[in-house]
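Residues per chain, in single letters:
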Amino acid sequence: MTEPTDIGPFLGEIRIFQGLPAQQLEALAKIVIVQSYQRGETIFTEGDPPKGFFVVRSGKVKVFKTAVSGKEQILRFFEAGEHFAEVPAFDGQPLPASAAVVEDSNVVFFPRSRFLDLLHSQPTLAVNLLAIFARHLRHFTWLIEDLSLREVPSRLAGYLLQLSRQQATPDRAVLDITKSQLAALLGTIPETLSRGFSKLSREGLIVSQGNVIELRDREGLLQKAGELPDNLHGR
């Protein structure tokens, strides 16, 4: 762990802190601790007391829950500039999920007590955090609906479409996680995910070439995912 000397500019680029004056960013930079983790290391475990929240500076982090059977459900991946564990840092309740790094990562840690003290003197931060909590709530509402109402091929189609939008490549999606991780993210097991890929391939919707997935029939994928046509999608 190291106390950063050049963290201010990075904090200013994070959505939660965008628009804050330099003086507030400097105050934030004084309370944070930079932590480095190697691939596979755990950041925290479900049930741990909340000590603060985190922002990914580099690398990738997964937040997940583990069933008694050992099955893992990935709730979300977080990459550079994204933050996690804010809610427990505020309500003081035990952490509801675990977090581990998927690749060597550098994260910025905001100690709970020091951040709350700062928040009391900086109401602009509180307003920004309310917006962040609302976005997280929307995401988990979507996740519950997705796992409850859609079959694996439909979830997979939706994921591939979302990935292609993020990568700005409408005719393909390049997987940046393993298929085991993708299965956990979609709430299934690798064998069922493989059958989902096979089904989409048989229907002529995709062609898989390693981690590169060609989207042969985008409109068909939209129908499979239950989404609006691209010209009405609003993304």
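Residues numbered from 1 in each chain as written. Predicted model: local features only at pLDDT ≥ 70, side-chain atom pairs only at ≥ 80, totals over all residues. Heavy atoms only, no water.

The secondary structure content of the chain amounts to ten helices and nine strands. In the structure as shown, the chain presents an accessible area of about 12400 Å², 53% of it carried by carbon and sulfur atoms. (Helix = DSSP H or I, 4+ residues; strand = E, 2+ residues; numbered from the N terminus. Areas by Shrake-Rupley, 256 points an atom, 1.4 Å probe, with all protein chains shown as cover.)

This next bit is on the packing of helix H6 (residues 152-166) against helix H9 (residues 218-225). One can describe the packing of H6 onto H9 by two numbers: an axis separation of 8 Å at closest approach and a directional angle of 130°. Here H6 is positioned oblique relative to H9, judged by the angle of their axes. By crossing handedness, the relation of H6 to H9 is classed as left-handed. Each of Pro153, Ser154, Ala157, Gly158, Leu161, Ser164 and Arg165 in H6 lies in contact with H9, whose residues at this interface are Arg218, Leu221, Leu222, Lys224 and Ala225. (Axes fitted to C-alpha atoms, helices over the stretch in contact; angles between N-to-C directions. Parallel < 35°, antiparallel > 145°, perpendicular 65-115°, else oblique. Left-handed = near helix turned anticlockwise from the far one by under 90°. Contact = heavy atoms within 4.5 Å.)

Moving on, we come to the packing of aromatic side chains. Think of a pair of aromatic rings as described by two things: how far the centres are apart, and how the planes are tilted against each other in angle. A complete count under the given rule lists nine aromatic pairs for this structure. Seen from their ring centres, Phe44 and Phe84 are 6.2 Å apart, and the 40° between their planes marks the pair as tilted. Residue Phe44 is located in strand E2 (residues 42-44), and its partner Phe84 is located in strand E5 (residues 83-84); the two are separated by 40 residues in the primary sequence. For the pair Phe44 and Phe84, a shared accessibility class is recorded, and that class is buried. Where Phe54 meets Phe109, the ring centres are 5.1 Å apart and the plane angle is 40°; that geometry is what we call tilted. Pair noted here: Phe54 is in strand E3 (residues 52-66) and Phe109 is in strand E6 (residues 98-111), with a separation of 55 residues, a long-range link. We note that Phe54, like Phe109, is buried. Taken together, the aromatic side chains of Phe44, Phe54, Phe78, Phe84 and Phe109 make up a single cluster linked through ring pairs. Stacked on the ring of Phe10, the Lys or Arg Arg57 has its end atom at 5.8 Å from the ring centre. Over the face of the ring belonging to Phe197 we find Lys179, whose NZ or CZ atom lies 4.5 Å from the ring centre. (Phe/Tyr/Trp six-rings, centres within 6.5 Å; stacked < 30°, edge-to-face > 60°. Buried < 20%, exposed > 50% of the residue type's maximum accessible area, 1.4 Å probe, protein only. Lys NZ or Arg CZ within 6 Å of the ring centre and 35° of its normal.)

Extensive coverage of strand E1 (residues 33-37) is indicated by the burial of four of its five residues. Sheet topology places E1 next to E6; five bridges connect them, and they run antiparallel. Pairing of Ser36 across the sheet is with Asn106, part of E6. (Pairing = 2+ DSSP bridges.)

Let's shift gears to the pairing of strand E9 (residues 212-215). The side-chain alternation of E9 yields one buried face, formed by Ile213 and Leu215, and one unburied face, formed by Val212 and Glu214. Across three bridges, the pairing between strand E7 (residues 172-174) and E9 is antiparallel. Across the sheet, residue Ala173 finds its bridge partner in E9, namely Ile213. The hairpin formed by strand E8 (residues 206-209) and E9 contains two residues between the paired strands, and Gly210 there has a positive phi angle of roughly 65°.

The subject of this paragraph is the packing of H6 against helix H8 (residues 190-202). Where H6 contacts H8, the two axes come as close as 9 Å, and the packing angle between them is 75°. In terms of orientation, H6 lies roughly perpendicular with respect to H8. Residues Val152, Pro153, Leu156, Ala157 and Leu160 of H6 form the contact with H8, whose own contacting residues are Thr192, Leu193, Gly196, Phe197, Lys199 and Leu200. Of the residues in the contact of H6 with H8, the class split is eight nonpolar, two polar and one charged. (Nonpolar A, V, L, I, M, F, W, Y, C, P; charged D, E, K, R; others polar.)

To continue, consider helix H2 (residues 22-31). Those residues of H2 that fall on the buried side of the exposure criterion are Gln24, Leu25, Leu28, Ala29 and Ile31. For H2, the angular spread of buried residues about the axis comes to 165°, placing them on one side. Opposite its buried face, H2 presents the exposed residues Ala22, Gln23 and Lys30, each directed more than 90 degrees away. (Arc of directions from axis to C-beta.)

On average, residues of the chain carry a pLDDT of 84, and 85% of them reach 70 or more. Mean pLDDT across the secondary structure elements of the chain bottoms out at helix H10 (residues 230-233), with 49, and peaks at E2, with 97. Taken together, the stretch residues 231-235 has pLDDT below 50 and engages in five contacts with residues farther than four places along the chain or on a different chain. (pLDDT = per-residue confidence, 0-100.)

Relative to the helices and strands, Asn106 resides in strand E6. The exposure class of Asn106 is buried, given its relative accessible area of 15%. At 3.0 Å, the side chain of Asn106 and the side chain of Ser36 are in polar contact. The contact partners of Asn106, leaving out residues within four places of it in the chain, are Val34, Gln35, Ser36, Val55, Val56, Arg57 and Ser58. (Polar contact = N/O pair within 3.5 Å; in protein donor to acceptor, adjacent residues only side chain to side chain.)

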